[in-house]
Each structure stands twice: as C-alpha cells, then as structure tokens.
Amino acid sequence: RQGNVGIEISDLFSAGGVDGSTLDVRLIYTVSTLSKAATISDVHMNFDSYAPDANARSSVSESVCPAGSTSLCSSAERLAFIQVSDRATATGEIQHLSAAADLSSLVASARVFKDIGLTADANGFVSFSILTQTFSQVPEPGRVDLLGTALLGGAALLCLRDRENGDIQGSA
C-alpha cells in the first residue's frame with residue numbers, strides 16, 4: 001500500500017569540501033486526516049541520495065509519535081519508526097532508498113519527527129535531492145457500509161429492470 005503524498009522535499013541539500021563536513025536538518029510536522037477519523041495506518045519514505053566517496057554517508061530517520069507530542073517520544077510511545085541510510089558505492093550512482101512501517105494503531109493525527117543527516121569525508125561530497133513522505137489510510141467503516149448499500153441498491157435496480165423487460169423468467 002503506497003499512500004498519498006504527504007510531504008515532498010525537492011531541492012539540493014549537500015555537505016562536502018571539509019573533513020567531516022555535515023548537514024543536519026530536523027523537520028517536525030503534524031499529519032492529520034481531513035475527516036478526523038482514525039484511518040492513518042502506515043508510513044512510507046522514499047529518498048534519493050548521492051554519496052560517491054568512501055566515507056560519505058546520508059541518512060533519514062523518522063519517528064511517528066502521538067498527536068500533540070512536543071518533543072521526540074520514547075520508543076514505547078512511538079507509533080512507528082523508519083530509517084534509510086546510504087554509504088558510498090563503488091559506482092558513485094544515485095541510490096533510491098525506501099522504508100515503510102505499519103503504525104502500532106490507527107490514528108487520525110500524528111506528530112512526525114524527521115532527522116536528515118549528511119556527512120562527507122575530506123575530499124568528499126554527499127547530497128540528496130528528493131525526499132517523499134506518504135501515509136496510507138484505511139477506508140472509514142461508514143464509507144464501506146455506504147458503498148455496500150449502493151452496490152446492493154444498484155443490483156436490485158438491475159434485477160427490477162430485467163424483470164420488467166422480461167429477461168428474468170420465474171420458475172413454475
């Protein structure tokens with residue numbers, strides 16, 4: 001299940017040129033359903049990273065905490081945790097990384113604490129350009145019931161139409 005885009009960061013973030021050069025970005029935001037129903041079921045993250053040198057690395061970790069959390073929640077309180085990390089590859093190609101996790105319970109709202117870290121070596125360079133965050137939702141029970149009722153009503157109308165047209169014969 002891949003959810004609807006919740007947040008997308010599309011820019012060049014980089015570190016390099018100085019031994020141990022780092023970039024650390026922390027994002028904190030709240031994700032909520034429009035209906036206020038507890039339907040958020042899981043979290044997904046996609047991350048494009050470029051770390052061409054031996055000691056260069058990039059990582060994104062994310063804690064999904066209960067709504068209203070003002071600071072990073074403990075592992076016992078956490079609804080989900082995901083992390084992606086990249087170390088240099090011999091080919092020096094862009095790495096397309098992803099992670100996903102089910103939430104420990106369905107929620108209507110959650111607080112997300114995201115930490116993006118880039119570390120370069122002395123002559124290195126490390127960057128990322130796209131980070132996409134998605135959340136999936138399960139259908140609301142009322143909407144499923146409504147859909148079922150609509151399907152049954154449509155089937156009944158088709159049967160009535162067919163009976164009126166003489167397409168359905170009663171058994172004698």
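Residues numbered from 1 in each chain as written. Predicted model: local features only at pLDDT ≥ 70, side-chain atom pairs only at ≥ 80, totals over all residues. Heavy atoms only, no water.

**Some thoughts on the pairing of strand 4 (residues 57-66)**
Which entries qualify depends on this criterion: Residue burial is assigned from relative accessible area. The probe radius is 1.4 Å, only protein chains are included, and a residue is buried under 20% of its type maximum, exposed over 50%, and partly exposed in between. Under the scheme used here, helices are H or I runs from DSSP no shorter than 4 residues and strands are E runs no shorter than 2 residues, and both carry numbers assigned from the N terminus. Here the rule is simple: two strands pair whenever DSSP picks up at least two bridges between them.
Judged by how many residues are buried, strand 4 sits mostly within the fold: seven of ten residues are covered. Judged from the ten bridges that link them, strand 4 and strand 7 (residues 109-119) form a sheet pairing that is antiparallel. Opposite P66, over in strand 7, you have A110 as the bridge partner.

**Considerations on the side chain of S49**
Stated precisely, the cut-off is as follows: Pairs of N or O atoms are called polar contacts if they sit within 3.5 Å, as long as, within protein, a hydrogen donor faces a hydrogen acceptor (for residues adjacent in sequence, only side-chain-to-side-chain pairs). Contacts: residue pairs with any heavy atoms within 4.5 Å of one another.
Along the chain, the position of S49 falls in strand 3 (residues 40-50). A polar contact of 2.4 Å, which involves the side chain of S49, links it to the side chain of S58. Contact partners of S49, with chain neighbours within four places excluded, come to S58, D86, E93, I94, Q95, L97, S127 and F128.

**Brief notes about the side chain of D48**
Put simply, the rule is: The convention is simple: Lys and Arg are positive, Asp and Glu are negative, and His and the chain ends are not counted. For this document, the term salt bridge refers to a Lys or Arg side-chain nitrogen within 4 Å of an Asp or Glu carboxyl oxygen.
Of note, D48 is situated in strand 3. The buried charged residue D48 lacks any salt bridge, with K114 as its nearest oppositely charged partner at 13 Å. Engagement of the side chain of D48 in a polar contact is seen with the side chain of H96, the distance being 2.7 Å. Among all residues touching D48, those that are not within four sequence positions of it are I94, Q95, H96, S127, F128, S129 and I130.

**Topic: the nonpolar core**
Put simply, the test is: Buried Ala, Val, Leu, Ile, Met, Phe, Trp, Tyr and Cys residues form a nonpolar core when they are joined through side-chain atoms within 4.5 Å.
Among the nonpolar cores identified, the biggest contains 31 residues, and V43 and L131 are the most heavily contacted of them. When residues of this core are traced back to their parent elements, those giving at least two are strand 1 (4-16), strand 2 (22-32), strand 3, strand 4, strand 5 (80-87), strand 6 (95-107), strand 7 and strand 8 (125-137). If sequence neighbours within four positions are ignored, V43 has contacts with E62, V64, A80, I82, A99, A100, A101, L103, Q133, T134 and F135.

**Re unusual backbone geometry**
Phi is positive for K36, which is not a glycine, with a value near 70°. Residue position: K36 is located in the loop between strand 2 and strand 3. Looking at K36, the relative accessible area reads 63%, which means it is exposed.

**Considerations on the pairing of strand 7**
Among the eleven residues of strand 7, nine are classified as buried, and the element is accordingly described as predominantly covered. Sheet analysis places strand 2 next to strand 7, joined by eleven bridges and oriented antiparallel. Each residue of the ladder has a partner; that of V31, found in strand 7, is A110.

That is the geometry; function is a separate question.
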